[in-house]
Amino acid sequence: MSYATIETEEKDGTGFIYFNREEHLNTVTVEMVDEIMKALSNMEENCRSIVIGGRKNFSAGADIMQFKDMGTMKAYEFHRKLNDLALYFREFKRPIISFLNGYVLGGGLELSLSTDIRVCSRDALLGQPEINLGINAGAGGNVILPEVIGRNRALYMVLTGEKIPAATAYDFGLVDIIATNPLDEAIRIATTINNKPENTVILAKRAVNSTENKVKKDLDYEAALFGILFSEKDTQDRINNFIKRKGI
């Protein structure tokens, strides 16, 4: 199947999803979310594992162009769209391994948090820069990130918006493995999983994710706060200034 924002392949029991908006640092659009979910659905029965990421960059976050003149309800609906993908990753019965290159920022980082194993390149930069635009996290940065790295480190990332190197991300517990070639390492892990008992793998993932009702509720609250911030003049000014600096 042909897609506009991603590329896919299936090989040796593993499904591959490559983000294909490198000219935009693989920033996430609604179309991209829909295509990733469609690709996963098509792979669920035939593939034992999924490897997902970008060849040069994982993702620099949401495409800011979508935020121009966005009101409260539209912002809430956009956030809910990202939530749908994050939850789909977590509820998907096959293990999803993300390989993280280049920029892993904002909504891109948050989506990676809902994959099952994160393999990171040594030169990747990770961060939650949303605060610089006057908005909050878009896909779990206030909900899932504290569960992964703890309250204080999450607040440091969310409140400063600073980018951290892969080594710091590993120390924080934000990524699971650092590798010179994260795609090769992700494939090695996927191959290992593919050789385990299929139903045991499925049920093990389900058992680990057995607390998803709380995550769903908290993500919806985060989405509501995201929407409220779009009524702030400061937020709109920061978004418009960002777009002007990019010359768009």
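Definitions and limits used
- Per-chain numbering applies: the sequence of each chain, read as written, is numbered from 1 onward.
- In keeping with the model being predicted, local features are shown solely for residues with a pLDDT of at least 70 and side-chain atom pairs are shown and tallied solely at 80 or more, while totals for entire chains, interfaces and linings include all residues.
- Hydrogens and water molecules were not included; the side-chain quantities draw on all heavy atoms of the structure.
- Only runs of H or I of at least four residues qualify as helices and only runs of E of at least two qualify as strands under DSSP, and these elements are numbered from the N terminus.
- Only C-alpha atoms enter the radius of gyration, while the globule expectation follows 2.2 Å times N to the 0.38, with N the number of residues.
- Working definition: with a 1.4 Å probe on protein chains only, accessible area under 20% of the residue-type maximum means buried, over 50% means exposed, and in between means partly exposed.
- Pairs of residues are marked as contacts when any of their non-hydrogen atoms sit within 4.5 Å.
- Note on areas: Shrake-Rupley with a 1.4 Å probe; residue coverage comes only from the protein chains shown.
- Counted as positive: Lys and Arg. Counted as negative: Asp and Glu. His and the chain ends are not counted at all.
- By convention, the charge on Lys lies at NZ, on Arg at CZ, on Asp at CG and on Glu at CD.
- In protein, a polar contact means a hydrogen-donor-capable atom and an acceptor-capable atom, both N or O and within 3.5 Å, with residues adjacent in sequence counting only if both atoms are side-chain atoms; elsewhere, any N or O pair within 3.5 Å suffices.
- Residues enter a nonpolar core if they are buried and are Ala, Val, Leu, Ile, Met, Phe, Trp, Tyr or Cys, with the set joined through side-chain atoms within 4.5 Å.
- Candidate patch residues must exceed 30% relative accessible area and have no salt bridge, after which like charges are joined if within 9 Å and Val, Leu, Ile, Met, Phe, Trp or Tyr side chains if within 5 Å.
- Here, a salt bridge means any side-chain nitrogen of Lys or Arg that lies within 4 Å of a carboxyl oxygen of Asp or Glu.
- Strands qualify as paired when DSSP identifies two bridges or more between them.

### Describing the overall build of the protein
Next, step 1: Looking only at helices and strands, the protein has ten helices and nine strands in total.
Next, step 2: Here the C-alpha radius of gyration of the protein, 17 Å, is about what a compact globule of 248 residues would show, namely 18 Å.
Next, step 3: Taken over the C-alpha atoms alone, the protein extends approximately 55 × 35 × 35 Å along its principal axes.
Next, step 4: A total of 248 residues make up the protein; the buried ones form 51% of that total.
Next, step 5: Nonlocal contacts in the protein, meaning residues at least 24 apart in sequence, comprise 75% of its contacts between residues at least 6 apart.
Next, step 6: Accessible area for the protein stands at about 11600 Å²; split by element, carbon and sulfur atoms hold 52% of it.
Next, step 7: Placing the 30 positive and 34 negative side-chain charges of the protein at their respective mean positions leaves the two points 2 Å apart.

### Brief notes about the environment of Asp-171
Next, step 1: Following the sequence through the fold, Asp-171 ends up in helix α6 (residues 166-172).
Next, step 2: Residues Asp-171 and Ile-149, 22 residues apart in the sequence, show an inter-C-alpha distance of 9.3 Å.

### As for the side chain of Asn-26
Next, step 1: Among the structural elements, Asn-26 can be located in the loop between β2 (14-19) and α1 (30-43).
Next, step 2: Side chain to side chain, Asn-26 and Glu-22 meet in a polar contact 3.1 Å long.
Next, step 3: Those residues within four positions of Asn-26 in sequence are excluded, and the remaining contacts are Phe-19, Asn-20, Arg-21, Met-32, Gly-54, Asn-57, Phe-58, Ser-59, Ala-60 and Gly-61.

### Points about the environment of Leu-111
Next, step 1: By the secondary structure assignment, Leu-111 is in helix α3 (residues 106-113).
Next, step 2: Considering only alpha carbons, one finds Leu-111 and Gly-61, 50 residues apart in sequence, at a separation of 9.1 Å.
Next, step 3: Aside from chain neighbours lying at most four places away, what touches Leu-111 is Val-28, Leu-82, Leu-85, Ala-86, Phe-89 and Ala-139.

### As for the nonpolar core
Next, step 1: Among the nonpolar cores identified, the biggest contains 55 residues, and Ile-36, Leu-126 and Leu-174 are the most heavily contacted of them.
Next, step 2: Counting residues per element, this core draws most heavily on helix α2 (residues 72-91), which supplies seven residues.
Next, step 3: Counting twelve residues, the second largest nonpolar core, distinct from the first, contains Tyr-18, Ile-97, Val-119 and Ala-190.

### Topic: a nonpolar patch on the surface
Next, step 1: Together, Leu-25, Tyr-103 and Leu-125 make up an exposed nonpolar region whose accessible area comes to about 210 Å².
Next, step 2: Residue classification places Leu-125 among the partly exposed residues on the basis of a relative accessible area of 31%.

### So, the pairing of strand β1 (residues 6-11)
Regular strands have side chains that alternate between both faces of the sheet.
Next, step 1: Note: β1 against β2, six bridges, orientation antiparallel. Paired with Lys-11 across the two strands is Thr-14, which belongs to β2.
Next, step 2: Turn length for the β1-β2 hairpin, with the two strands adjacent in sequence and antiparallel, is two residues, and the turn residue Asp-12 shows positive phi of about 50°.

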